[in-house]
Amino acid sequence: MKLIVGDKKYPLQEAIQGATLRNLYVLKVQSGIGIKSLRDAFKRMQDSAPKDGSQADPLDFLEDEENLLALQAMVWLCKRHAGESVTVSDANDFPLSQIGFEAEEEPLAEDPTAARTDTAPGEEPAAAIS
């Protein structure tokens, strides 16, 4: 999943997993949110997506104070992970309309039942002939 802030896209999961101890300490001191709360909020956000494929209303997620703090933490950690030198408050000085998420498409697994096209029907593949 990517976090979109303004015109930049940040890899959210990598930023959370790659958070330094210093960044986690600063985040806890400045915002009161720790890594466990951040992880739990991220999980709640993923779980709140409708199962029928329709779009979730992001305002439902932001109704809870802890989720709002977690989103601010995600924005800051993503910016820090990208090498930006910003404070927690500076990182979050964006209109809500410029913050969003983008789901990453999972690569399609090759269908093992798909017909092979490198051999004629009834022929053995070249590598299998002894």
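Since the structure is predicted, the reported quantities are computational estimates derived from the model, not experimental observations.

Chemist: Looking at this structure, I do not really get the packing of helix H3 (residues 35-47) against helix H5 (residues 65-81). What am I missing?
Modeler: The description of two helices packed together rests on the angle between their axes and the distance between the axes. The contact between H3 and H5 brings their axes to 9 Å, and the two run at 105°. What the angle tells us is that H3 and H5 run roughly perpendicular. Together, Ser 37, Leu 38, Ala 41, Phe 42, Arg 44 and Met 45 of H3 and Glu 66, Asn 67, Ala 70, Ala 73, Met 74 and Leu 77 of H5 make up the contact between the two elements. Looking at the contact of H3 with H5, its residues break down into eight nonpolar, two polar and two charged.

Chemist: What is the right way to look at the nonpolar core in this model?
Modeler: Inside soluble globular proteins, nonpolar side chains tend to come together where they are buried. With 25 residues, the main nonpolar core has Leu 3, Leu 12, Leu 27, Leu 38 and Met 74 as its most contacted residues. Those elements giving two or more residues to this core turn out to be strand S1 (2-5), helix H1 (12-17), H3, H5 and helix H6 (88-91). Broken down by element, the residue count for this core peaks at eight residues, all from H5. Discounting chain neighbours no more than four positions away, the residues touching Leu 3 are Lys 8, Lys 9, Tyr 10, Leu 12, Leu 71, Met 74, Val 75, Cys 78, Ile 99, Gly 100 and Phe 101.

Chemist: How should I be thinking about the sheet that holds S1 in this particular structure?
Modeler: Strand pairing in a sheet is mediated by backbone hydrogen bonds. Such pairs are either parallel or antiparallel. Across the sheet, which stays open at both edges, the three strands sit in the order S2-S1-S3 with antiparallel pairing between neighbours. At either margin of the open sheet sits one strand with a lone partner, and together these are strand S2 (8-11) and strand S3 (99-102). Between one strand axis and the next, the sheet turns by 30° as a mean value, whatever way the strands run. In the sheet, S1 pairs with S3 via four bridges, with the strands oriented antiparallel. Bridge assignment links Leu 3 to a residue of S3, and that residue is Phe 101. Where H5 meets the sheet, its contacts fall on S1, S2 and S3, and the angle it forms with S1 comes to roughly 90°.

Chemist: Where do I start with the environment of Ile 99 in this structure?
Modeler: The topology assignment puts Ile 99 in strand S3. Leaving out residues up to four positions away in the same chain, Ile 99 has contacts with Leu 3, Ile 4, Leu 71 and Phe 94.

Definitions and limits used
- Residues numbered from 1 in each chain as written.
- Predicted model: local features only at pLDDT ≥ 70, side-chain atom pairs only at ≥ 80, totals over all residues.
- Heavy atoms only, no water.
- Axes fitted to C-alpha atoms, helices over the stretch in contact; angles between N-to-C directions.
- Helix = DSSP H or I, 4+ residues; strand = E, 2+ residues; numbered from the N terminus.
- Parallel < 35°, antiparallel > 145°, perpendicular 65-115°, else oblique.
- Contact = heavy atoms within 4.5 Å.
- Nonpolar A, V, L, I, M, F, W, Y, C, P; charged D, E, K, R; others polar.
- Core = buried A, V, L, I, M, F, W, Y, C linked by side-chain atoms within 4.5 Å.
- Buried < 20%, exposed > 50% of the residue type's maximum accessible area, 1.4 Å probe, protein only.
- Pairing = 2+ DSSP bridges.

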